[in-house]
Amino acid sequence: MWKMAFSPRYLIATLVATCLHVINAATADDFQANCLSLKPEQYIRNSTRTVLEYVPAGTNLTFPDNVASCSRPSQVVSSDICRLALSIPTSNRSSITFEAWLPRDWTGRFLGTGNGGVDGCIKYEDLAYGSSQGFATVGSNNGHNGTTAIAMLNNLDVTIDFAWRSLHTMVTSGKTLTKEFYHQSPSKSYYIGCSLGGRQGIKAAEMFPHDFDGIVAGSPALDFNSLISWRASFFPITGSANSSNFITASQWDTLIHDEVLKQCDGLDGVLDGIIEDPTICDFRPETIMCSSSTNATNCLTPTQVEMVRRIFSPFYGEDGQLIYPAMQPGSEIYALQKLYAGAPFSYSNDWFKYVVYSDPNWNASDFDRKDAAAAEALNPGDIRTWPSSLATFQSTGGKIISFHGQQDNQITSFNTPRFYDRLLRGMQKTTSELDDFFRFFRISGMYHCNSGPGAWVVGQGGDASADGIPFAPQNNVLAALVAWVENGTAPDTITGTKFKNDDPTQGISFQRSHCRYPLRNTYLGGNSSSPESWACLPMGTIAHWDISSLLSRIISIRPLKTQ
């Protein structure tokens, strides 16, 4: 009989591989068994278990009970997890829906996730994102279900959950269950959120400075009452979509946006559809004003020009004090979908109807500065989130990375520098001293939290684009935060990525390293798609690129139309 001869080395390697396979299989089986035997409701007072399941990697989870308005019917899970969900009461008339995704390959880290808008939608994409990177990751519905604020009508407890209590309850419950499941407490605790989620992160640092070691607060909805009023102010300016002077989507998309780019795109030295720093864009809408009140489609009436000027102006109160900064130019294409759509902005409409006035019949077209004052005076659930100091959080060793898209279409990017400067004054620090624990990055060419013409992918959450970049400090805000907290390596820049057609499978279009505020990303010359062609320089620095080209672009701003 023919016999095959094997070398001793081959036999040993085969034996080791077999043993490892058996061990891994046993470990997986143990993980699944430990998951299904967990009784989370025993550890969280008065809670009710709604889900407990082992979910293998590659599963496409569906959520048939999720409110349709949350637009999250399913989520692909990329790592083996133990998924559990609880209903946790927060008062005798309020509760939160809580979820934890506990990965088999746990790094010892904990991650809390935020919400958006005025909604109560768990961001399952962020749960998948965090757990895939080895974080025990938790989320909640922020005290109510769906994307409206109607549940807050005549129920202050639901508003308090929305303002801060849901997140804190989620974190304390999540840490307890993480310890029970893994038999050890998390080594470090992190948070990631954008928009309302960014506000939630700053609120946590303000109220519960020991909840997190590190916080990613993207495009934060800070000074919340004033933000709600600022958003409400646009409808009385634009009027309804059928009003005689209404500026149409086509006018915003082409005429106005094209003129914004004509006046401001080249100020950074590169014509690429990206306004690198909108603070230096002094947009003049009168350059596209018609000579008369004709209905020409390629110019604006004097009334429309005044509308545009008001939209791009700061919002002041009756006392002359600033309520909220101006909308930055460059955001028109997406802002026209909600803020300039000729209808009440839904978040503001809900907030005044169901929270500020408890009057479902409140008319958004009547909004004025008195309503803004009423919202600020009420400050429902202490939601304002506008601290002048985060000294206690800093004293714990905590770190914060904030970022904001410079073409944000829902929250003006001018507000986060305002917050940075507020901390500077309130904490009596220099920029280098504030940078010891709080760093803010301006992401050029990014709309609200994601997307846009710029290099906007920075690992800000569970968007599919995050799969296209490495989980590395240079490219990913969460990885940068981990490196800062655990290794003391503070990020000076975050390199953003723009994929071709925003599809990672098509490859990278270009990358750009975004600077920490107050430095400005400055073009040095050469290939503008290369990060090496840009440098973070102090504001006011003139780079040695073609100055004559810049002057010619400024001079070429076209004069008034004479049609």
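Keep in mind it's a predicted model, so treat the numbers as computed, not measured. (Residues numbered from 1 in each chain as written. Predicted model: local features only at pLDDT ≥ 70, side-chain atom pairs only at ≥ 80, totals over all residues. Heavy atoms only, no water.)

A.B. asks: When you look at the environment of Arg-45 in this model, what are you seeing that I'm missing?
C.D. replies: Looking at the secondary structure, you find Arg-45 in the loop between α1 (8-37) and β1 (48-55). Along the chain, Arg-45 and Ser-173 lie 128 residues apart, while their C-alpha atoms are 9.4 Å from each other. (Helix = DSSP H or I, 4+ residues; strand = E, 2+ residues; numbered from the N terminus.)

A.B. asks: Sorry if this is basic, but what is going on with the environment of Gly-58 here?
C.D. replies: Relative to the helices and strands, Gly-58 is located in the loop between β1 and β2 (60-62). Here Gly-58 falls in the exposed class, since its relative accessible area comes to 59%. As a C-alpha pair, Gly-58 and Gln-75 span 17 residues in sequence and 9.9 Å in three-dimensional space. (Buried < 20%, exposed > 50% of the residue type's maximum accessible area, 1.4 Å probe, protein only.)

A.B. asks: Would you take a moment to explain the packing of helix α3 (residues 156-182) against helix α4 (residues 196-207) for this structure?
C.D. replies: The angle between the axes and the distance between the axes are what describe a pair of packed helices. One can describe the packing of α3 onto α4 by two numbers: an axis separation of 10 Å at closest approach and a directional angle of 70 degrees. Put simply, α3 runs roughly perpendicular to α4. Seen along the crossing, α3 lies across α4 with a hand that is right-handed. Across the interface between the two elements, Phe-162, Ala-163, Trp-164 and Leu-167 of α3 pack against Leu-196, Arg-199, Gln-200, Lys-203, Ala-204 and Met-207 of α4. (Axes fitted to C-alpha atoms, helices over the stretch in contact; angles between N-to-C directions. Parallel < 35°, antiparallel > 145°, perpendicular 65-115°, else oblique. Left-handed = near helix turned anticlockwise from the far one by under 90°. Contact = heavy atoms within 4.5 Å.)

A.B. asks: Which parts of the structure should I look at to understand the nonpolar core?
C.D. replies: Across soluble globular proteins, nonpolar side chains have a tendency to be buried as a group. With 55 residues, the main nonpolar core has Trp-252, Ile-256, Tyr-340 and Trp-351 as its most contacted residues. Elements with a contribution of two residues or more to this core: α3, α5 (224-232), α6 (234-238), α7 (249-264), α8 (302-311), β11 (322-324), α10 (346-356) and α11 (369-378). Sequence-distant contacts of Tyr-340, that is, excluding residues within four places in its chain, are made with Phe-234, Thr-238, Phe-246, Trp-252, Ile-311, Phe-312, Met-327, Ser-331 and Ala-335. Cys-35, Ile-44, Leu-86 and Tyr-182 belong to the second largest nonpolar core, which has 46 residues in total. (Core = buried A, V, L, I, M, F, W, Y, C linked by side-chain atoms within 4.5 Å.)

A.B. asks: I would appreciate a short explanation of the side chain of Gln-200 in the present structure.
C.D. replies: With respect to the secondary-structure elements, Gln-200 resides in helix α4. A residue is classified by how much of its surface remains accessible, and Gln-200, at 3% relative accessible area, is buried. At a separation of 2.8 Å, a polar atom in the side chain of Gln-200 contacts the main-chain amide nitrogen of Asn-115. (Polar contact = N/O pair within 3.5 Å; in protein donor to acceptor, adjacent residues only side chain to side chain.)

A.B. asks: What's the story with the packing of aromatic side chains in this structure? I'm lost.
C.D. replies: Enumeration over the complete set of coordinates arrives at 33 aromatic pairs. Between Phe-31 and Tyr-54, the aromatic rings sit 6.1 Å apart at their centres with planes inclined by 70 degrees, giving edge-to-face as the arrangement. On the criterion of sequence distance, the pair formed by Phe-31 in helix α1 and Tyr-54 in strand β1 is long-range, its members being 23 residues apart. With respect to burial, Phe-31 and Tyr-54 carry one shared label: buried. (Phe/Tyr/Trp six-rings, centres within 6.5 Å; stacked < 30°, edge-to-face > 60°.)

A.B. asks: Can you walk me through the side chain of Asn-115 in this structure?
C.D. replies: One can find Asn-115 in the loop between β6 (109-113) and α2 (124-132). Residue class for Asn-115 comes out buried when judged on its relative accessible area of 2%.

A.B. asks: Would you mind going over the state of the cysteines with me for this structure?
C.D. replies: What the rule picks out here adds up to six disulfides. Across a sulfur-sulfur distance of 2.1 Å, Cys-194 and Cys-449 are joined as a disulfide pair. Taking the torsion about the S-S bond as the criterion, the Cys-194 to Cys-449 disulfide, at about -100 degrees, is left-handed. One end of the pair, Cys-194, is in strand β8 (residues 188-194); the other, Cys-449, is in the loop between β13 (438-443) and α15 (477-487), and 255 residues separate them in sequence. Overall, the relative accessible area of 11% leaves Cys-449 in the buried class. Within the protein, bonded cysteines paired by disulfides and numbered along the sequence follow the pattern 1-3, 2-4, 5-10, 6-7, 8-9, 11-12. (Disulfide = S-S within 2.5 Å.)

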